[in-house]
Amino acid sequence: MSKDEKERERMRTLFDEASERCRTAPMEGITFSPEDLESAVETTDIDTDIGSLIKGTVFMTTSNGAFIDIQSKATAFLPIDEACLLDIDNIEEAGIRPGLVEQFMIIDENPNDETLILSLQSIQQDLAWERCRQLQAEDVVITGKVIGGNKGGVVALVEGLKAFVPFSQVSSKTTAEELLDKELPLKFVEVDEEQGRLVLSNRKAMADSQAQLGIGSVVLGTVESLKPYGAFIDIGGINGLLHVSQISHDRVADISTVLQPGDTLKVMILSHDRERGRVSLSTKKLEPTPGDMIRNPKLVFEKADEMAQIFRQRIAQAEAMARADMLRFQPESGLSLSSEGILGPLSSDTAQEEGLPTDE
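Throughout, a residue's number is its position along its own chain's written sequence, starting from 1. This being a predicted model, a pLDDT of at least 70 is required before a residue's local features are given, and a value of 80 or more before pairs of side-chain atoms are given or counted; all residues contribute to the totals for chains, interfaces and linings. Note: side-chain values were computed over all heavy atoms of the structure, leaving out hydrogens and water.

Draft legend 1. Main features of unusual backbone geometry. At E114, a position not held by glycine, the phi torsion is positive, near 60°. Relative to the assigned elements, E114 resides in the loop between β4 (101-109) and β5 (116-119). One non-glycine residue, D139, adopts positive backbone phi at about 55°. By relative accessible area, D139 is classed as partly exposed at 48%. Numbering of helices and strands starts at the N terminus; helices are DSSP runs of H or I of at least 4 residues and strands are runs of E of at least 2. Per-residue accessibility, obtained with a 1.4 Å probe over protein chains only, is compared with the maximum for each type, and a residue is labelled buried under 20%, exposed over 50%, and partly exposed between these values.

Draft legend 2. A negative patch on the surface, seen in detail. Residues D108, E109, D113 and E114 make up a contiguous surface patch of negative charge. Position of D108 relative to the elements: it lies in strand β4. For patch building, the residue pool is restricted to those with more than 30% relative accessible area and no salt bridge; the joining distance is 9 Å between like charges and 5 Å between nonpolar side chains (Val, Leu, Ile, Met, Phe, Trp, Tyr). Exposure was quantified through the Shrake-Rupley algorithm and a 1.4 Å probe, taking into account, for residues, occlusion by the shown protein chains and nothing else. Think of a salt bridge as a Lys or Arg side-chain nitrogen and an Asp or Glu carboxyl oxygen that are within 4 Å of each other. Charge assignment in this entry is limited to Lys and Arg as positive and Asp and Glu as negative, and neither His nor the chain termini are counted. All charge positions are set by atom: Lys at NZ, Arg at CZ, Asp at CG, Glu at CD.

Draft legend 3. Region of the structure containing the pattern of salt bridges. Scanning all chains against the criterion turns up seven salt bridges. The partner of K187 in a salt bridge is D139, with the nearest N and O atoms 2.9 Å apart. Of this pair, K187 sits in strand β9 (residues 183-192) while D139 is found in the loop between α3 (121-138) and β6 (142-149), placing the two residues 48 residues apart along the sequence. Two residues, K266 and D305, come together in a salt bridge whose shortest N-O distance is 3.3 Å. Linking K266 in strand β14 (residues 264-273) with D305 in helix α7 (residues 297-328), this pair joins segments that are 39 residues apart in sequence. The class of D305 is partly exposed, set by a relative accessible area of 44%. One network of salt bridges, with partners in common, ties together E130, R133 and E193.

Draft legend 4. Representation of the sheet that holds β4. A pair of strands counts as paired when DSSP detects no fewer than two bridges linking them. If you walk around this closed barrel you meet the five strands as β1-β2-β3-β5-β4, and the pairing is mixed. Each adjacent strand pair in this sheet contributes to an overall mean axis angle of 55°, direction not counted. As judged from the four bridges shared by β4 and β5, these two strands associate in the antiparallel manner. Following the sheet pairing, I106 is matched in β5 by L118. Lying over the sheet, α3 contacts β1 (53-61), β4 and β5, oriented at roughly 105° with respect to β4. Only the stretch in contact is used when fitting a helix axis, every axis being a line fitted to C-alpha atoms; angles between N-to-C directions are given from 0 to 180 degrees. Contacts are assigned to residue pairs with any non-hydrogen atoms lying within 4.5 Å of each other.

Draft legend 5. Spatial organisation of the sheet that holds β14. Spatial ordering of the closed barrel is given by β11-β12-β13-β15-β14, a layout of five strands whose pairing is mixed. Pairwise comparison of adjacent strand axes, ignoring direction, gives a mean angle of 50° for this sheet. Summarising the sheet, strand β11 (residues 218-227) and strand β12 (residues 230-234) pair through five bridges and their orientation is antiparallel. Each bridged residue has a counterpart across the sheet, and for L226 the counterpart in β12 is A231.

Draft legend 6. Expanded view of the nonpolar core. Judged by nonpolar contacts, the single largest core of 26 residues is most densely connected at I233, I235, I247, L259, L265 and L281. If you list the elements that add at least two residues to this core, you get β12, β14, β15 (278-282) and α7. The leading source of residues in this core is α7, at five residues. The residues touching I247, leaving out its near neighbours within four places in the chain, are L242, V252, I255, V258, L259, T283, K284, E287 and M293. Formed by 21 residues, the second largest nonpolar core is a distinct cluster that contains I142, A156, L161 and L179. Side-chain atoms within 4.5 Å are what join buried Ala, Val, Leu, Ile, Met, Phe, Trp, Tyr and Cys residues into a set we call a nonpolar core.

Draft legend 7. A look at the packing of aromatic side chains. Only the six-membered ring of Trp is used, alongside the rings of Phe and Tyr, when aromatic pairs are assigned; centres must lie within 6.5 Å, and planes under 30 degrees apart are stacked while those over 60 apart are edge-to-face, with the rest tilted. For the coordinates displayed, the defined rule picks out three aromatic pairs. With a centroid separation of 6.3 Å and 35° between ring planes, the pair formed by F59 and F67 is classed as tilted. Using a relative accessible area of 49% as the deciding quantity, one classes F59 as partly exposed. When the centroid spacing of 6.2 Å and the interplanar angle of 90° are considered together, the rings of Y229 and F232 count as edge-to-face. Exposure remark for Y229: the relative accessible area of 39% places this residue in the partly exposed category. Its relative accessible area of 23% is what places F232 among the partly exposed residues. Members of the aromatic cluster, connected to one another through ring pairs, are F59, F67 and F77.

Right under this line is the structure:
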């Protein structure tokens, strides 16, 4: 018998002996009894009190929710209406799939079969309210999508929570139907988790946005609608008018050949009447060469900031020239304008040329 044959024979003998022991004395040599196993499960069981957080793994989904393995003898179930903050028809819309490991909150227990009822929504709500309190403290402008409304105002979705925006806090006169599915810039007015009150203001957000609209600044906008006299552009929740005469240096006979609703473009702020809420815009000032807005609007978009900087420099120089003209009638100011258009101290040579007194 060869060496390999002897080794196979030895292994076969060991296997037969082990198989016989399993058949005739399966517990021989084992000190951990079934009673010990049950006791170990009892002593290592998880905290199943209502409100406790527990880690679990999704192992099966149904049309009503998902069964969760929480490493315990207790059965755990996540109902579909507790899967997330949004209203969903299928639990997979909330990202709940077999294999997902997540932390859940125990919110109830079924008295019939002692199944633990779990929730992700409760955890998400706590986080969402905390986020809203933080955003209110930072006094920032956020965006909320209008999902409903009534006679008093509209309901907007903010951080997954339903928030109320009274019509008195909406910047323009409109109806809930007209605002439905639109996104509004908003600022927090009241965040009260205990009372479930989340109130926001569109007016405050618009006031902040308008304060940032400096003359000559370039902003990104979306074409809302076209009129014979121009296009209305949404610039961050504010409607501005791009008059037909300010689209291009070349004549625009038909606005629709240049712009279409939904187009994104860069525009320059020409003027801003805060009292009347009117903003005048221009793309004409952003053209590298006359007619580019008609022939090559992409170039206008790319060069917008550069052209705006040139425009602002020209405005600044014109203002300096105007101030210098005024100073010529006020020699006591002691200032003069250089050949580069820069204001500076009045030199003795300039003063003598002008016939003005000097300190010498």
